[in-house]
Amino acid sequence: MRYLILGCGWVGEFVAKLWLEEGHEVWASTTTEEKYHRLVADGIFVFKQNFDEQATPAIDLPTDFDYILVSIPATNKSTQDELTSRFIRVCDFLSGVKYQKMIFLSSIGIYPDVSKEIDEDTFEDEELQAKLLSAEKAISRFPRTHIYRLGGLFGQNRIFAKYFQSKECSTGDQPANFIHLEDVAALIRAGFIKPLQHTLYNVVCPQHPSKKDVILASAHKYGFEQPSAFIAGASFQKIVKSTRLQNDLNYTFQYESPLDF
């Protein structure tokens, strides 16, 4: 199989190495010289492309792929105009290649902060985060495209307790809507080779312990200092469900709870 990864960040690099181990051909874009040389050393066909700039198409890039993973970020750090321009260029690029199936990595940050259980059909478009929605709509115009809305990503050196060492935590009472890197990778790989019945999927652990319990569990497991205090703060009880993807792929999570990360 021939894979293309647009925006080969933390998740993309992890998945790319798994595909290489399986003997697949992997192409990937990056914006940095350091990442370029590291990916080349791993055996990935790499090209530099910054979709925030008007870039020249990569030389010798194939025009026919089996599967495409799009991991170009759409965050609140960018203005709407910046995101619009970025994804116009992404779409221009994609219009020049053929593929069997595409997956775009989005975020559950698209949902408002409310106290309720949330699935992919809970909200109307006007209730969703506008910047993320604009990116999803740009990519979803392409056929055979599926959107994975990822929960908070952890794994490897991303450990929740690390970010609260000796600090006050005001979100400890909130449910954790997290996902482990290894489950994300497995769900991406399964989503390409198995039929997917829907366009939108949440990608979140089935279990939602409190963030306080996750912090304490990971601090104990990895030896990090605990927060200096847990204080009352924003306590909305948002729980994002990933039942749709779990059912469509008949998938058993490697990490059903963030307490196991």
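My aim in this report is to walk through the structure given alongside it, one point at a time.

Definitions and cut-offs
- Residues numbered from 1 in each chain as written.
- Predicted model: local features only at pLDDT ≥ 70, side-chain atom pairs only at ≥ 80, totals over all residues.
- Heavy atoms only, no water.
- Pairing = 2+ DSSP bridges.
- Helix = DSSP H or I, 4+ residues; strand = E, 2+ residues; numbered from the N terminus.
- Axes fitted to C-alpha atoms, helices over the stretch in contact; angles between N-to-C directions.
- Contact = heavy atoms within 4.5 Å.
- Buried < 20%, exposed > 50% of the residue type's maximum accessible area, 1.4 Å probe, protein only.
- Polar contact = N/O pair within 3.5 Å; in protein donor to acceptor, adjacent residues only side chain to side chain.
- Core = buried A, V, L, I, M, F, W, Y, C linked by side-chain atoms within 4.5 Å.
- Phe/Tyr/Trp six-rings, centres within 6.5 Å; stacked < 30°, edge-to-face > 60°.
- Lys NZ or Arg CZ within 6 Å of the ring centre and 35° of its normal.

Quick look at the sheet that holds strand 1 (residues 2-6) now. Sheet architecture is open: seven strands sit in the order 3-2-1-4-5-7-11, paired in parallel fashion. Edge positions in the sheet fall to strand 3 (45-48) and strand 11 (200-203), since each of these pairs with one other strand and no more. Sheet twist, expressed as the average angle between the axes of neighbouring strands with direction ignored, equals 20°. Pairing analysis gives four bridges linking strand 1 to strand 2 (residues 25-30), with the strands arranged parallel. Directly across from Tyr3, in strand 2, lies its bridge partner Val26. On top of the sheet, helix 4 (residues 130-140) reaches strand 5 (101-107), strand 7 (145-150) and strand 11; it is set at about 180° to strand 5, its chief contact. Along the sheet, helix 5 (residues 181-193) contacts strand 1, strand 4 (67-70), strand 5, strand 7 and strand 11; its crossing angle with strand 5, the most-contacted strand, is approximately 150°.

Here Ser106 is to be found in strand 5. By relative accessible area, Ser106 is classed as buried at 8%. A distance of 2.7 Å separates polar atoms of two side chains, one belonging to Ser106 and the other to Glu136. Apart from residues no more than four positions distant in its own chain, Ser106 is found in contact with Leu132, Glu136, Ile147, Tyr148, Arg149 and Leu150.

The subject of this paragraph is the nonpolar core. Among the nonpolar cores identified, the biggest contains 49 residues, and Tyr148 and Ile188 are the most heavily contacted of them. When residues in this core are grouped by element, the largest group, eight residues, is from helix 5.

According to the stated counting rule, one finds 18 aromatic pairs in the structure shown. A centroid spacing of 5.1 Å and a plane angle of 80° characterise the contact between Tyr251 and Phe253, whose relative ring orientation is edge-to-face. One aromatic cluster in this structure is built from Phe154, Phe160, Phe164, Phe178, Tyr255 and Phe261. The ring of Trp10 has Arg158 sitting right over it, with the charged end atom 3.9 Å from the ring centre.

Below, the discussion takes up the pairing of strand 4. Along strand 4, one buried face is formed by Tyr67 and Leu69 and the opposite face, lined by Ile68 and Val70, is buried too. Here strand 1 runs beside strand 4; their pairing, made up of four bridges, is parallel. Looking at strand 4, one finds that Ile5 is bridged to Leu69. As judged from the four bridges shared by strand 4 and strand 5, these two strands associate in the parallel manner. Bridged to Leu69 within strand 5 is Ile103.

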